[in-house]
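Take a look at the letters that make up each chain.
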Amino acid sequence: MSHLSSLNTYFETKREEHLEELKQFLRIPSISALSDHKEDMKTAAEWLADSMKSVGLENVSIDETKGHPVVYADWMHAEGKPTLLIYGHYDVQPVDPLNLWESEPFNPQVRDNKLFARGASDDKGQVYMHVKAVEALLQTEGKLPVNVKFCIEGEEEIGSPNLPEYVEANTEKLAADIIVISDTGMQGPGKPAVCYGLRGLTGVQIEVKGAKGDLHSGLYGGSVQNAIHALVAVLDSFRDEEGTIQVEGFYDNVRAVTDEERAAYAELDFNEEALKEELGVNALFGEKGYTHLERTWVRPTLEINGVFGGFSGEGIKTVLPAEAGAKITCRLVPDQDPDEIVEKLKAHIEKHKPVGVTVEVTEFDKGKPFITPFDHPAIQAAGRSYEKVYNVPTAYVRGGGSIPIVAAFDEILGYPVVLMGFGLASENFHAPNEHFHLENFDQGLRVIGDYYHEIAQFTSQDLKK
């Protein structure tokens with residue numbers, strides 16, 4: 001019997017047991033953002049550590065950080081075989097607004113073959129799948145085809161503030177050949193995808209100040225600079241009418257998309273007309289010469305996220321605002337550096353600042369972009385495992401969003417990163433009624449188990465970047 005056939009039999013036999021165990025995990029309200037749940041965070045870490053021990057993982061530890069702990073475990077008996085570092089998180093988002101949930105967020109319910117609970121898809125369900133894949137392989141084969149290490153944190157939902165320090169202090173403990181993360185999604189139902197790149201992120205808040213206080217527009221309007229008008233002038237200078245960013249040097253280090261990548265994206269046959277209908281817009285917008293997928297995956301952006309200032313209550317107030325502000329974020333692509341982009345933004349703002357005002361710029365958190373070449377052996381191996389189980393071609397995609405810790409892993413450890421997720425965009429992670437499609441839970445267990453075998457065919461040297 002092949003390993004995939006053995007896995008099928010094992011997972012079919014254990015399906016209800018595994019589902020009930022996952023529900024136990026999901027009942028723990030491990031909300032990292034709320035101090036009231038500090039004990040729940042500890043409980044979730046302990047539950048996960050116990051689960052890892054029960055399946056046969058070794059050297060299980062709950063490693064303290066300045067915040068919530070990291071759960072570590074390993075199995076290192078596949079001599080001469082590659083080592084996978086499996087990353088995920090056991091913390092979850094807050095549940096507000098509670099009244100929009102159709103069932104209690106920490107009382108898991110199955111409806112229409114979907115498991116509803118906070119954390120079902122992001123990321124407890126996907127972390128748990130790796131633990132159960134280890135169990136299945138040890139039970140059916142008595143060993144793993146590769147070495148594995150688990151690094152499961154409790155602060156991803158609050159930006160992983162302490163994980164980079166933990167990783168830097170434990171580089172030997174976390175030594176591996178590749179990093180595997182299941183915290184992303186598929187292209188759609190029955191459409192598996194391997195994500196090989198993410199955009200980085202940086203941003204600033206702009207605060208424009210004019211007079212020492214709001215002024216009467218009849219007495220001073222037309223002679224004193226209006227802070228909102230000044231802000232609008234700065235904001236309008238950022239992009240041209242086609243969306244091309246006008247900040248000097250912004251595109252200098254942008255890595256060009258390859259012909260192979262563009263061809264792969266074209267094969268996805270993405271329906272832009274359907275997207276317009278779904279979003280309720282009459283046209284898409286962006287740089288000329290790029291498709292929607294290219295604009296959101298391989299091109300950088302500059303977006304105004306919010307504007308504040310002046311009077312916005314009911315009726316009218318003839319005021320000349322003294323202060324106004326805006327929040328700006330940029331999605332970045334390889335090889336853009338967040339710090340350099342912020343300096344270019346500051347220079348642009350200073351250059352385009354109207355007379356009669358001062359401007360202060362406050363920096364936000366930053367995250368670097370990340371990419372593993374999509375023809376890397378570890379990426380292609382993931383695609384083969386998906387295809388064996390789903391029986392359709394795998395899409396190789398980039399993500400338009402940012403996961404700062406992925407770039408931190410890439411920078412600190414230097415290993416190839418494989419993002420092989422099983423969630424769907426429609427599963428309401430971060431929103432009420434989060435759920436996980438159980439067909440992807442079932443299929444994903446088999447994909448992960450097969451992937452460990454696929455990676456076992458390579459040497460450590462094969463997997464170097």
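Residues numbered from 1 in each chain as written. Predicted model: local features only at pLDDT ≥ 70, side-chain atom pairs only at ≥ 80, totals over all residues. Heavy atoms only, no water.

### Some thoughts on the sheet that holds strand β18 (residues 435–437)
At step 1: Pairing is antiparallel across the open sheet formed by 3 strands, whose spatial order is β4-β5-β18. Edge positions in the sheet fall to β4 (109–111) and β18, since each has one partner strand and no second. Averaged over all pairs of adjacent strands, the angle between their axes in this sheet comes to 25 degrees, without regard to strand direction.
At step 2: Bridge count for β4 against strand β5 (residues 114–116) is 3 bridges, and the pairing is antiparallel. What sits directly across from V110, in β5, is L115.
At step 3: Packed on one face of the sheet, helix α1 (residues 3–26) meets β4 and β5 and runs near 25 degrees to β5.
At step 4: Relative to the sheet, helix α13 (residues 438–455) contacts β4, β5 and β18, its axis offset from that of β18 by approximately 60 degrees. (Pairing = 2+ DSSP bridges. Helix = DSSP H or I, 4+ residues; strand = E, 2+ residues; numbered from the N terminus. Axes fitted to C-alpha atoms, helices over the stretch in contact; angles between N-to-C directions. Contact = heavy atoms within 4.5 Å.)

### Concerning the packing of aromatic side chains
At step 1: Tallied over the full model, the rule gives 11 aromatic pairs.
At step 2: Seen from their ring centres, Y10 and F11 are 6.0 Å apart, and the 75 degrees between their planes marks the pair as edge-to-face.
At step 3: Overall, the relative accessible area of 12% leaves Y10 in the buried class.
At step 4: With relative accessibility at 2%, the residue F11 sits in the buried group.
At step 5: Here the aromatic rings of Y265 and W297 are separated by 5.0 Å at their centres, their planes lie at 80 degrees, and the arrangement is edge-to-face. Residue Y265 is located in helix α7 (residues 259–267), and its partner W297 is located in helix α9 (residues 292–297); the two are separated by 32 residues in the primary sequence. Of the two residues, Y265 and W297, neither departs from the other in class, the shared state being buried. (Phe/Tyr/Trp six-rings, centres within 6.5 Å; stacked < 30°, edge-to-face > 60°. Buried < 20%, exposed > 50% of the residue type's maximum accessible area, 1.4 Å probe, protein only.)

### With respect to the pattern of salt bridges
At step 1: Taken as a whole, this structure holds 28 salt bridges when the rule is applied.
At step 2: Across the pair K173 and D63 runs a salt bridge whose closest N-O atoms are separated by 2.7 Å. Placement of the pair is K173 in the loop between α4 (163–169) and β7 (178–181) and D63 in strand β1 (residues 58–63), with a sequence separation of 110 residues.
At step 3: K173 sits in the partly exposed class, given a relative accessible area of 27%.
At step 4: Judged by relative accessible area, D63 falls into the buried class, the value being 13%.
At step 5: Residue E287 is joined to R299 by a salt bridge in which the shortest nitrogen-to-oxygen separation is 3.0 Å. (Salt bridge = Lys/Arg side-chain N within 4 Å of Asp/Glu carboxyl O.)

The analysis is restricted to geometry; functional conclusions fall outside its scope.
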